[in-house]
Amino acid sequence: MAKKTTRKKAAAPKKKKVAVPWQPSAALVFRARAILRRLVKAHPDWGPTLEFTTPFELLVATILAAQAQDEHINRVTRRLFVKYRRPADYVAVPVTELEVDVHETGFFRMKAKAIRTASEQLLAEFGGEVPGTMEDLVRLRGVGRKTASIVLGNAFGVPAVAVDRHVARVADRLRLVGAKGKDATEFSLRALYQKKDWVKATWCLVLHGRRICTPTPKCWVCPINDLCPYPKKTTDPDAPALRRMLPRRASPRPSRSR
Ligand code: SF4
């Protein structure tokens, strides 16, 4: 008797998952854009707060600005950028000398190493010039999407959304983050705003996070309070004290019944 042979079906090739970009609702786009219009009015001075004259200076300043305040970094870079003008200048000195020069910015060893290695990469791979694309920028040591977006948006005029801790906090409280996964805040804001507004939205959210929507937010003076769904809004802490200082309103006398 002939033996029955069972043929195995060839496994179908696995379909590649294609990430579908998040599509915000029309209502959310409307609210997000209304928020931006108000923030522009509230923070008319929006724009880069780090001082720079070239893309390379902005790159160095942004690396130094990690875990530090921009005003403090500006005080350091005013001196630093006189001594170091090009990538070759950072490579020419011993790393210990660079560490001393950036010591005041904190995390000085890590920052000095990042600037020096990024300078070496710029010299070796980009002819000493800062590249103008996200793909190339993030290949540099110490440069993530945030730093790359700051450089692209502010030194090259390329639309980009930079997400620092302020942008992340404010966008989260405003429920503007709908995309999922890594870099969700950046991709959500890109979906909500027109390209021409990406840099403006970044700076308005940064300034709002620094000035009003701080870790403990000042919701009672917030210009977008009515557009914000954050459930733990704060009230003026001085209000009860002020109320105690005001003369008490006489309570109406109960009318005598006859
Ligand atoms: S209302 Fe409060 S939580 Fe909402 S954006 Fe304004 S400061 Fe932030």
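Residues numbered from 1 in each chain as written. Predicted model: local features only at pLDDT ≥ 70, side-chain atom pairs only at ≥ 80, totals over all residues.

Colleague: Lay out the packing of helix 1 (residues 26–42) against helix 11 (residues 198–211) with the relevant residues and their values.
Modeller: Helix packing geometry: the angle between the two helix axes and the distance between the axes. Look at helix 1 against helix 11: their axes get within 10 Å of each other, and the N-to-C directions meet at 65°. Taken as a pair, helix 1 and helix 11 cross one another with a handedness that is left-handed. Residue-level contacts link L36, L39 and V40 of helix 1 to K200, A201, C204 and H208 of helix 11. (Axes fitted to C-alpha atoms, helices over the stretch in contact; angles between N-to-C directions. Helix = DSSP H or I, 4+ residues; strand = E, 2+ residues; numbered from the N terminus. Left-handed = near helix turned anticlockwise from the far one by under 90°. Contact = placed C-beta atoms within 7 Å.)

Colleague: Lay out the nonpolar core in plain terms, naming residues and giving numbers.
Modeller: Residues I115, V151 and A201 are the most contacted members of the largest nonpolar core, which totals 55 residues. Sorting the residues of this core by element identifies helix 1, helix 2 (55–64), helix 3 (70–83), helix 6 (108–125), helix 8 (145–155), helix 9 (165–173), helix 10 (184–192) and helix 11 as the ones contributing at least two each. Looking at this core element by element, the count peaks at eight residues for helix 11. Residue-level mapping places this core at the junction of two domains, with at least three residues from each of domain 1 (26–47 + 161–227) and domain 2 (55–155). Beyond its immediate stretch of four places on either side in the chain, A201 contacts L36, V161, L189 and Y193. (Core = buried A, V, L, I, M, F, W, Y, C linked by C-beta atoms within 7 Å. Buried ≥ 20, exposed ≤ 12 C-beta atoms within 10 Å, placed from the backbone. Domains from an automatic or database assignment.)

Colleague: Run through the environment of H72, naming residues and quoting values.
Modeller: By the element assignment, H72 lies in helix 3. Taking the C-alpha atoms as reference points, H72 and E104, 32 residues apart in sequence, are found 8.6 Å from one another.

Colleague: Before we move on, can you summarise helix 11 with the specific residues and values?
Modeller: Taking 1.5 Å as the rise per residue, helix 11 with 14 residues should run 20 Å; its terminal C-alpha atoms sit 20 Å apart, in good agreement. The buried fraction of helix 11 is high, at eleven of 14 residues. When helix 11 is considered as a whole, its buried residues turn out to be W198, V199, A201, T202, W203, C204, L205, V206, L207, H208 and G209. Next to the buried residues of helix 11 lie helix 1, helix 8, helix 9 and helix 10. (Expected span 1.5 Å × (residues − 1).)

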